[in-house]
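Spelled out, the chains give:
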Amino acid sequence: MADLAQSLQMQEHLPADFLHTPLKLALPPEASGLVLHCCCAPCAGAVLECLKANNISPVVYFYNPNIHPRREYEIRRDELIEMCALFGFEYAVGDYGVSEWLAAVKGHEDEPERSTRCQLCFDLRMLGTARFAKERGINLFSSTMATSRWKSRQQVDAAGMRAMQMTGVSYWGQDWRKKGMAERRNYLVREIGFYNQRYCGCVFGRLNEEKTRALHSRKNKAADPLPPSGDGHEVK
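### Topic: empty space enclosed by the protein
- Across all of its chains, the model carries 4 cavities of 30 Å³ or more by this definition.
- Forming the boundary of the largest cavity are S143, A146, R153, V156, D157, Y171, Q174, D175, W176 and R177.
- At 3 residues, the largest contribution of residues to the lining of the largest cavity is made by helix α6 (residues 153–167).
- Looking at the lining of the largest cavity residue by residue, the classes come out as 4 nonpolar, 2 polar and 4 charged.
- The computed volume of the second largest cavity comes to approximately 40 Å³.
- In this structure, the second largest cavity is lined by W101, E113, R117, C118, C121, F122, R125, K151, C200 and C202.
- Sorting elements by how many residues they give to the lining of the second largest cavity places helix α5 (residues 116–136) first, with 5 residues.
- A class-by-class count of the residues in the lining of the second largest cavity yields 6 nonpolar, no polar and 4 charged.

As structure tokens, this is what we get:
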């Protein structure tokens, strides 16, 4: 009942123009279906809306062992599940293999966003998605990861192509940012009120975001000095 209540609450926040997607598309003619890897509801919202409006029913796959801490992982997972229930889309949740992910990015922990660490992370998740699609007998997969401005579409596509070569499952490199989709993504995040973070989910991305936030805070304080004493403001 709790899940149903949450889904109904999300439905109440849908904008009046919901399903009025700016992008018209169809699956490649040889596709037997689509497995769509999703990292979170904000990145997936406009893509799932687009697929629904174009009568495409993907199997949504949540495989993101990079997300930390576990509570963050559960929040993103559960919100995406609520969206799938709202759309009537099938979904599956992959293993939360944190140890495997840490091993994959070992030696690159201190690198910034869009670095080799991110590429290795994408490689792991895209390969896992392609293998899942193959197990399900579906010959096409894609991902919503590149909808975020924090991520490199070139890195995501490269990971998808490598996974395709390793499994024989075709990668659909649809650009989910163009033709109004980036604006639609931001609009739905704002209108529906998705849980939205400023980092990808991994512990190293979170540390980088905290460092950046602290640096900006110090700069702002330096640019806005304390008022002189005696003007009614308390000076500490």
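And the narrative resumes.
### Re helix α2 (residues 41–53)
- In this model α2 runs 17 Å from its N-terminal to its C-terminal C-alpha over 13 residues, within 8% of the 18 Å that 1.5 Å per residue would give.
- Among the 13 residues that make up α2, 11 are buried, leaving the element largely enclosed by the rest of the structure.
- The complete set of buried residues in α2 reads A41, P42, C43, A44, G45, A46, V47, L48, E49, C50 and L51.
- One or two steps after α2, the chain reaches N55, where phi turns positive at roughly 60 degrees.

### Digging into the layout of surface pockets
- In this model, the largest pocket occupies a volume close to 480 Å³.
- Residue lining of the largest pocket: 26 residues in total, with C43, S148, R149, W150 and R185 positioned closest to the centre.
- Contributions of two or more residues to the lining of the largest pocket are made by α2, α3 (70–87), α5 and α7 (181–192).
- With 4 residues, α7 is the single largest residue contributor to the lining of the largest pocket.
- Among the residues making up the lining of the largest pocket, the classes are represented as 12 nonpolar, 6 polar and 8 charged.

### Quick notes on the environment of A182
- When you line up the elements, A182 lands in helix α7.
- Through-space distance from the C-alpha of A182 to that of R149 is 8.9 Å; in sequence the pair is 33 residues apart.
- Ignoring sequence-local partners within four residues, the contact set of A182 consists of W176 and R177.

### Here we look at the side chain of S142
- By secondary structure assignment, the location of S142 is in strand β4 (residues 140–143).
- The class of S142 is buried, set by a relative accessible area of 1%.

### Concerning the packing of aromatic side chains
- The final tally for this structure, using the stated rule, is 9 aromatic pairs.
- When the centroid spacing of 5.3 Å and the interplanar angle of 55 degrees are considered together, the rings of F62 and Y73 count as tilted. Taken as a pair, F62 in strand β2 (residues 59–62) and Y73 in helix α3 lie far apart in primary sequence, 11 residues in all.
- Exposure remark for Y73: the relative accessible area of 2% places this residue in the buried category.
- Arranged with centres 5.4 Å apart and planes meeting at 15 degrees, the rings of F87 and F89 form a pair that is stacked. An identical accessibility class is assigned to F87 and F89; each is buried.

About the criteria used
- Residues numbered from 1 in each chain as written.
- Predicted model: local features only at pLDDT ≥ 70, side-chain atom pairs only at ≥ 80, totals over all residues.
- Heavy atoms only, no water.
- 1 Å grid on protein atoms, 1.4 Å probe; cavity = no way out; pocket = protein on both sides within 12 Å on 5 of 7 lines; lining within 4 Å.
- Points joined across faces, edges and corners; volume = space filled by probe spheres on them.
- Helix = DSSP H or I, 4+ residues; strand = E, 2+ residues; numbered from the N terminus.
- Nonpolar A, V, L, I, M, F, W, Y, C, P; charged D, E, K, R; others polar.
- Expected span 1.5 Å × (residues − 1).
- Buried < 20%, exposed > 50% of the residue type's maximum accessible area, 1.4 Å probe, protein only.
- Contact = heavy atoms within 4.5 Å.
- Phe/Tyr/Trp six-rings, centres within 6.5 Å; stacked < 30°, edge-to-face > 60°.

Everything listed here is a matter of coordinates, which is why it stays silent on function.
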